[in-house]
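Breakdown of the fold
Residue strings, one per chain:
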Amino acid sequence: MSAPAQQSTITSVPAVAAPDIEVSVVMPCLNEARTVGRCVAKAVRSLEELGVRGEVIVADNGSTDGSPAIAREHGARVVPVAQKGYGSALQGGIAAAKGGFIIMGDADDSYDFSNLGPFIEKLREGNDLVMGNRFRGGIMPGAMPALHRYFGNPLLSSLLKLFFQSPIGDCQCGLRGFRKDAYERIKLNTPGMEFASEMVVKACINRVKITEVPTVLHPDGRDRPPHMRSFRDGWRNLRFMLLLCPLWLYIVPAGALLAAGSFLMLWLTPGSRHIGSVTLDVHSMLLGSLFVLLGYQTWWLGFLAKVYGHYSGVLPAGTAVKKILTTFTLERGLVTGLCIAAIGLAANLWLVWDWLGHDLGPLDIALTMRWALWGLTMLVGGVQTVYSSFFLSMLKMNRN
């Protein structure tokens, strides 16, 4: 796209932050002497051709190859960032930015900083986050490893859609634009490569307005391996997503375990069941009891994680969580837990009474084991409720 064509598509809207700077282009840098100059020059030229009041910031993360001096020579403002990490460098650069719109991208010359127009246009339209999409824009031969292109990136993007209803098709694209006020609102803080996923995850959680524009990915211009490590950084991104999604990490597995366990216990309580040549009896009911206990404990962990996320400001509280917190008191939790435990204890005491009636002799295992499993399940579940209620009260007390 030529410069005049780009300029014609961008409507004139007042700057969001400082009156003299509308757009800040931020590049994290660690020993990028071969490429940082080209990236800065492209960004400066693009802003000039578009008639945009802007600046280019290089957030240097401790380069020893002269990258800061090269960046300054080509028109960038260099911001030293002492804390190591991709996310740390970007946070330092964004904090120093004066523009109301931020466009971030790697300084390895893999992204085309000469075509910033589509990002600025979408930001001016009112979008809070504008992601580049390399799959729509084009991936040049050798620009992305096959593992990332066909497995890692599609997997992470799909999980983001599943966990957070993300509209993003390329969640790991490093070229993206956002409003600085929206960035400050969602409060990003991860220091490493998972910063890229944190931005999308928290944008989805906080319901900011997100869109995409096609962008082209070129082979980077480095003469060394990239800082990113596929499996290490892939796991860090996945781990971060799971930590911010109690629904899929805890609640969904808990629901599955509770449903399967309850079905087995209720189905087998009257007696053994036959499916073809297969017979299910008390041993299968024992498995059901295990499922119920694991599911109930996992549900409590998920609920407490949601409460902690809400109180710490990391996660918004859903309607159900707010309602439970409004009605919950320690006393109600204790009464509920003790009642459940009492039912379990009563079942086990009945077994003791039956045993005494048989002069402490052998009992019918097929019958008594069923009562024992119900008693065990209710007793343990009641105790879990009691102690989980204490823990929830601690969270509420700390919040107050």
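In what follows, the structure referred to is the one given above.
Predicted, not measured: the structure shown is a model, and the values here were computed from it.

Attention shifts here to the packing of aromatic side chains. This structure, assessed with the given rule, holds seven aromatic pairs. Ring centres 6.1 Å apart and planes at 25° place the aromatic pair Phe163 and Trp248 in the stacked group. Within this pair, whereas Phe163 is found in helix H7 (residues 146-164), its partner Trp248 is found in helix H11 (residues 246-268), the two being separated by 85 residues in sequence. On the basis of relative accessibility, which here comes to 32%, the residue Trp248 falls in the partly exposed class. Judged by centre distance (5.5 Å) and plane angle (15°), the ring pair of Phe263 and Trp267 falls under stacked. Of this pair, Phe263 and Trp267 both sit in helix H11, four residues apart, which is roughly one turn of the helix. By the ring-pair criterion, three or more aromatic residues cluster together here, those being Phe163, Phe164 and Trp248.

What follows is about helix H2 (residues 36-50). The terminal C-alpha atoms of H2 lie 21 Å apart, and with 15 residues this matches the ideal 21 Å at 1.5 Å per residue to within 8%. Restricting attention to buried positions, one finds in H2 the residues Val36, Gly37, Cys39, Val40, Ala43, Ser46, Leu47 and Leu50. Taken from the residues just after H2, Gly51 is the one with a positive phi, measuring 70°.

Residues Leu345, Leu349, Leu379, Val383, Tyr387 and Phe390 make up a contiguous nonpolar surface patch of about 570 Å² in total accessible area. Listing elements by their share of the nonpolar patch, those giving two or more residues are helix H14 (330-357) and helix H15 (365-399). Here the element with the most residues in the nonpolar patch is H15; it accounts for four residues. Summarising the element assignment, Leu345 is placed in helix H14.

Taken together, seven strands build an open sheet; the order of strands is E3-E2-E1-E4-E6-E5-E7 and the sheet is mixed. A single partner strand is all that each edge strand has here, and the edge strands are strand E3 (77-80) and strand E7 (210-214). Within this sheet the neighbouring strands show an average axis-to-axis angle of 25°, counted without direction. Sheet analysis places strand E1 (residues 23-29) next to strand E4 (residues 101-104), joined by four bridges and oriented parallel. Note that in E4 the partner of Val23 across the bridge is Phe101.

Another point: helix H12 (residues 282-312). Along its 31 residues, H12 runs 45 Å from first to last C-alpha, staying within 8% of the 45 Å computed at 1.5 Å per residue. After H12 finishes, the residue Gly313 shows a positive phi value of roughly 85°.

So, about the nonpolar core. In this structure, Ile94, Phe164, Phe178, Phe195, Val201 and Met241 are the most contacted members of the largest nonpolar core, which totals 37 residues. The element that contributes the greatest number of residues to this core is helix H9 (residues 195-205), accounting for seven residues. Excluding residues that lie within four positions of it along the chain, Phe195 makes contacts with Tyr86, Gly87, Leu90, Gln91, Ile94, Met104, Tyr183, Leu188 and Thr190. Counting residues in each nonpolar core, the second largest holds 33 residues, with Val56, Val78, Ile120 and Cys173 among its members.

Conventions adopted
Residues numbered from 1 in each chain as written. Predicted model: local features only at pLDDT ≥ 70, side-chain atom pairs only at ≥ 80, totals over all residues. Heavy atoms only, no water. Phe/Tyr/Trp six-rings, centres within 6.5 Å; stacked < 30°, edge-to-face > 60°. Helix = DSSP H or I, 4+ residues; strand = E, 2+ residues; numbered from the N terminus. Buried < 20%, exposed > 50% of the residue type's maximum accessible area, 1.4 Å probe, protein only. Expected span 1.5 Å × (residues − 1). Patch = residues over 30% accessible without salt bridge, like charges linked within 9 Å, V, L, I, M, F, W, Y side chains within 5 Å. Areas by Shrake-Rupley, 256 points an atom, 1.4 Å probe, with all protein chains shown as cover. Salt bridge = Lys/Arg side-chain N within 4 Å of Asp/Glu carboxyl O. Pairing = 2+ DSSP bridges. Axes fitted to C-alpha atoms, helices over the stretch in contact; angles between N-to-C directions. Core = buried A, V, L, I, M, F, W, Y, C linked by side-chain atoms within 4.5 Å. Contact = heavy atoms within 4.5 Å.

From the geometry alone we can't say anything about function, so treat these as descriptive.
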